[in-house]
Amino acid sequence: GRVAMAAFVGYCVQSNFVFPWAMTMDGKGFPGTDLSPPEQWDALPLSAKIQIVLFVGFLEWYSELTPGEGTESGLPHYTKGGQPGKYPTFDAIPHSVPFNLYDPFKFSTGMSAEQKEKRLRAEINNGRLAQLGIFGFLCADKIPGSVPALNGIAIPYSGDPMVPFEGQFTYLEGNPFQ
């Protein structure tokens, strides 16, 4: 759910906004809003894509790592009795991290259990809706007319949105899998 919400918001922002500063050290800018978000991803240099994947991998690794043997910080993994979707804080990191991923401004402290349960249900429902939304956008980009509400909004995409590194890891002549 949270990943889908981030994807949906990211898709909307990417469609309408581009960072004004350079993306790479050589001064290359970010792909423009004239491209659809999948085309913007395709236009990123491989090194930028690898940085994004490594950052997400770090977050996953950190959530799997905590709590370590003999530590009191962190949360048990959801397969070991922990709560699904609850991400550990960054309190165990040796240097200061100003915000945590969940509730960075501590708005939920002091809430009753009923309020927290209501917000959890809302978050789950928002995650479900975001899943429909992001796949609606991807379908409208890939199959023009498939989502009538997005006609005239979605930009047709000729690539494959399910193959994020298409054409970037070709070491052999031709495609040996065809």
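Structure: above.
Owing to the predicted nature of the structure, the values given are computational and were not obtained by experimental measurement.

### Notes on the packing of aromatic side chains
When we look at a pair of aromatic rings, we describe it by the centre distance and by the angle of the planes.
Now for step 1: All chains considered together, the criterion is met by 10 aromatic pairs.
Now for step 2: Ring plane angle 5° and centroid distance 4.4 Å describe the contact between tyrosine 11 and phenylalanine 137, whose orientation is recorded as stacked. Within this pair, whereas tyrosine 11 is found in helix 1 (residues 2-16), its partner phenylalanine 137 is found in helix 4 (residues 113-142), the two being separated by 126 residues in sequence.
Now for step 3: Its relative accessible area of 8% is what places tyrosine 11 among the buried residues.
Now for step 4: The interplanar angle of 70° and the centroid separation of 6.1 Å between the aromatic rings of tryptophan 41 and phenylalanine 165 together place this pair among those described as edge-to-face. Of the two residues, tryptophan 41 sits in helix 2 (residues 37-43) while phenylalanine 165 sits in the segment after helix 4, which places them 124 residues apart along the sequence.
Now for step 5: On the basis of relative accessible area, tryptophan 41 is assigned to the partly exposed category, the value being 23%.
Now for step 6: According to the relative accessible area criterion, phenylalanine 165 is partly exposed, its value standing at 23%.

### A few points about the pattern of salt bridges
Now for step 1: Inspection of every chain in the model, using the stated rule, returns 2 salt bridges.
Now for step 2: Arginine 2 is paired through a salt bridge with glutamate 123; the nearest N and O atoms lie 2.5 Å apart. You can see arginine 2 sitting in helix 1 and its partner glutamate 123 sitting in helix 4, a full 121 residues away along the chain.
Now for step 3: A relative accessible area of 37% places arginine 2 in the partly exposed class.
Now for step 4: Put simply, glutamate 117 and arginine 121 hold a salt bridge, and the shortest N to O gap is 3.8 Å. Of the two residues, glutamate 117 and arginine 121 are both situated in helix 4; the distance of 4 residues between them amounts to about one turn of the helix.
Now for step 5: Under the relative-accessibility criterion, glutamate 117 is labelled partly exposed at 40%.
Now for step 6: Assessed through its relative accessible area of 46%, arginine 121 is described here as partly exposed.

Thresholds, definitions, all that
The residue count restarts for each chain, going from 1 along the sequence in the order it is written. Restriction of local features to residues with pLDDT of at least 70 applies here, the model being predicted, together with a cutoff of 80 or more for giving and counting side-chain atom pairs; totals for whole chains, interfaces and linings are based on all residues. Excluding hydrogens and water, the side-chain values take into account all heavy atoms of the structure. Side-chain rings of Phe, Tyr and Trp (the six-membered ring for Trp) are treated as a pair once their centres are within 6.5 Å; stacked means planes under 30 degrees apart, edge-to-face means over 60, and tilted covers the remaining angles. Comment: elements are numbered from the N terminus, with helices defined as DSSP H or I runs of at least four residues and strands as E runs of at least two. Here's how the labels work: a residue is buried when its accessible area is under 20% of the maximum for its type, exposed when over 50%, partly exposed in between, all with a 1.4 Å probe on protein chains only. Salt bridge criterion: a side-chain nitrogen from Lys or Arg within 4 Å of a carboxyl oxygen from Asp or Glu.

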